[in-house]
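# Understanding the architecture of this molecule
Here is what each chain is made of, one letter per residue.
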Amino acid sequence: MAKDVIIALDFPTGEETLRFLDRFPAGEKPFVKIGMELFYAEGPDMVRKIKDRGHKIFLDLKLHDIPNTVKRAMSVLSRLDVDMVNLHAAGASEMMRGALEGLTRPDGSRPLLIAVTQLTSTDQTALKGELLIDTPMAETVLSYANNAAQSGLDGVVCSPLEAALVKERCGAAFLTVTPGIRFADSAVGDQKRIMTPEKAGRSGCDYIVVGRPITQDPDPVAAYRRAVKDFLG
Ligand code: C5P
């Protein structure tokens, strides 16, 4: 299985994004994540531009709608030739199966499809008080992950602290994509449950998503290489 470091391209404009990518030498093409901010600002053209430069792309748009709408939207996204996309497991199994169907290209290939379980910004208080879910958070996350696995999805986005439990419940081949990564000496920012790339590498994480510790570093190329070296060992 291809373990890798994914850089979160959390920039507001295409110009800033491309300037950041230009700092890497021609032969070095990190796996990158394009989220809602950049996609809504610049549209599919930015995805094509970054793909044309030779990067693998995780398109992090977290789809959540009725099964038919998600299926049709995924079909459009599959034509962008991205490598990984995601949706909310809260959309339930029929939606997840529809997404897989829509994502599968005529030749049978498709990007990896990853589910978001519970957003890390949702805490137990909101779960119980607003969403009226009485089950403890960890159980909810594992149950959503299990639904995703049963629906044929490839993995989940989860905290690095949950990766081993997800593997235990859903099988070793079920992918874990984990944000909340910080070097031992980097600023924590708003992330609450964090892990170093090195520890994540030993904790069952398949892909780590690293944003600010790389993008805000004065030498992002060195920071990226450090993350890769620490994570892959
Ligand atoms: O800058 P930082 O390393 O915290 O960036 C992490 C990236 O992962 C951001 O793009 C953030 O939106 C995303 N993410 C996250 N936590 C989640 C899901 C996604 O930090 N639960």
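Relevant structure appears above.
In short, a report on the structure. Computed from a predicted model, the values in this text were never measured in an experiment. (Residues numbered from 1 in each chain as written. Predicted model: local features only at pLDDT ≥ 70, side-chain atom pairs only at ≥ 80, totals over all residues. Heavy atoms only, no water.)

## Brief notes about the nonpolar core
Stated precisely, the cut-off is as follows: By nonpolar core is meant a set of buried Ala, Val, Leu, Ile, Met, Phe, Trp, Tyr and Cys residues that side-chain atoms within 4.5 Å join together. For the exposure calls, accessible area comes from a 1.4 Å probe over protein chains only, and a residue counts as buried if that area is under 20% of its type's maximum, exposed if over 50%, partly exposed in between. Only heavy atoms matter for contacts: two residues are in contact if any of them lie within 4.5 Å across the pair.
Counting 58 residues, the largest nonpolar core has Leu9, Leu59, Met74 and Leu87 as the members making the most contacts within it. The contact partners of Met74, leaving out residues within four places of it in the chain, are Leu63, Val85, Asn86, Leu87, Ala99, Gly102, Leu103 and Leu113. Grouped together as the second largest cluster of nonpolar side chains are twelve residues, Met84, Ile114, Leu175 and Tyr207 included.

## Looking at the packing of helix α7 (residues 137-150) against helix α8 (residues 163-170)
Note the following rule: Between N-to-C directions, angles span 0 to 180 degrees; the directions come from axes that are lines fitted to C-alpha atoms, helices contributing only their stretch in contact. Secondary structure elements follow DSSP: runs of H or I of four or more residues count as helices, runs of E of two or more count as strands, with numbering from the N terminus. Reported orientations rely on four angle classes, namely roughly parallel under 35 degrees, roughly antiparallel over 145, roughly perpendicular from 65 to 115, and oblique for the rest. The handedness criterion is simple: a crossing whose near helix is rotated anticlockwise from the far helix by less than a right angle is left-handed, and one whose near helix is rotated clockwise is right-handed. Charged means Asp, Glu, Lys or Arg here, nonpolar means Ala, Val, Leu, Ile, Met, Phe, Trp, Tyr, Cys or Pro, and polar covers whatever is left, Gly included.
Where α7 meets α8, the axes come as close as 10 Å, and the angle between the chain directions of the two elements is 50°. With respect to their mutual orientation, α7 and α8 come out oblique. Our pair here, α7 against α8, has a crossing hand that is right-handed. Contact residues: α7 offers Leu142, Ser143, Ala145, Asn146 and Ala149, while α8 offers Leu165, Val166, Arg169 and Cys170. Of the residues in the contact of α7 with α8, the class split is six nonpolar, two polar and one charged.

## Let's talk about the pairing of strand β1 (residues 4-8)
For the record, the criterion: By this definition, two strands are paired if DSSP reports at least two bridges between them. With the strands pointing away from the viewer, any crossover whose connection runs clockwise from the first strand over the helix to the second is right-handed.
Among the five residues in β1, four count as buried, and that is most of the element. Both β1 and strand β8 (residues 207-210) contribute to a ladder of four bridges, which runs parallel. Bridge pairing in β8 links Ile7 to Val210. This β-α-β element, β1 to helix α1 (residues 14-21) to strand β2 (residues 31-35), shows right-handed connectivity.

## Some thoughts on the packing of aromatic side chains
Spelled out, the test is: The criterion for an aromatic pair is that two Phe, Tyr or Trp rings (for Trp, the six-membered ring) have centres within 6.5 Å, with stacked assigned to planes under 30 degrees apart, edge-to-face to planes over 60 apart and tilted to the rest. Charge-over-ring placement is defined geometrically: NZ (Lys) or CZ (Arg) within 6 Å of the ring centre, and within 35 degrees of the ring normal.
This structure, assessed with the given rule, holds five aromatic pairs. Taking 5.2 Å as the distance between ring centres and 45° as the angle between the ring planes, the aromatic pair formed by Phe11 and Phe20 counts as tilted. Residue Phe11 shares its accessibility class with Phe20, and that shared class is buried. Here the aromatic rings of Phe31 and Tyr207 are separated by 5.8 Å at their centres, their planes lie at 75°, and the arrangement is edge-to-face. Placement of the pair is Phe31 in strand β2 and Tyr207 in strand β8, with a sequence separation of 176 residues. Residues Phe31 and Tyr207 agree in their burial class; the two are buried. By the ring-pair criterion, three or more aromatic residues cluster together here, those being Phe11, Phe20, Phe24 and Tyr224. Geometry around Phe183 places Arg226 over its ring, the cationic atom sitting 4.1 Å from the centre.

## Focus on the pattern of salt bridges
Quick reminder of the rule: A pair is scored as a salt bridge if a Lys or Arg side-chain nitrogen falls within 4 Å of a carboxyl oxygen belonging to Asp or Glu.
The final tally for this structure, using the stated rule, is 15 salt bridges. Residue Lys33 pairs with Asp60 through a salt bridge whose shortest N-O separation is 2.6 Å. Of the two residues, Lys33 is situated in strand β2 and Asp60 in strand β3 (residues 57-63); the sequence distance between them amounts to 27 residues. Residue classification places Lys33 among the buried residues on the basis of a relative accessible area of 10%. Assessed through its relative accessible area of 7%, Asp60 is described here as buried. With its nearest N and O atoms 2.6 Å apart, the salt bridge here joins Lys167 to Asp206. Of this pair, Lys167 sits in helix α8 while Asp206 is found in the loop between α9 (197-201) and β8, placing the two residues 39 residues apart along the sequence.

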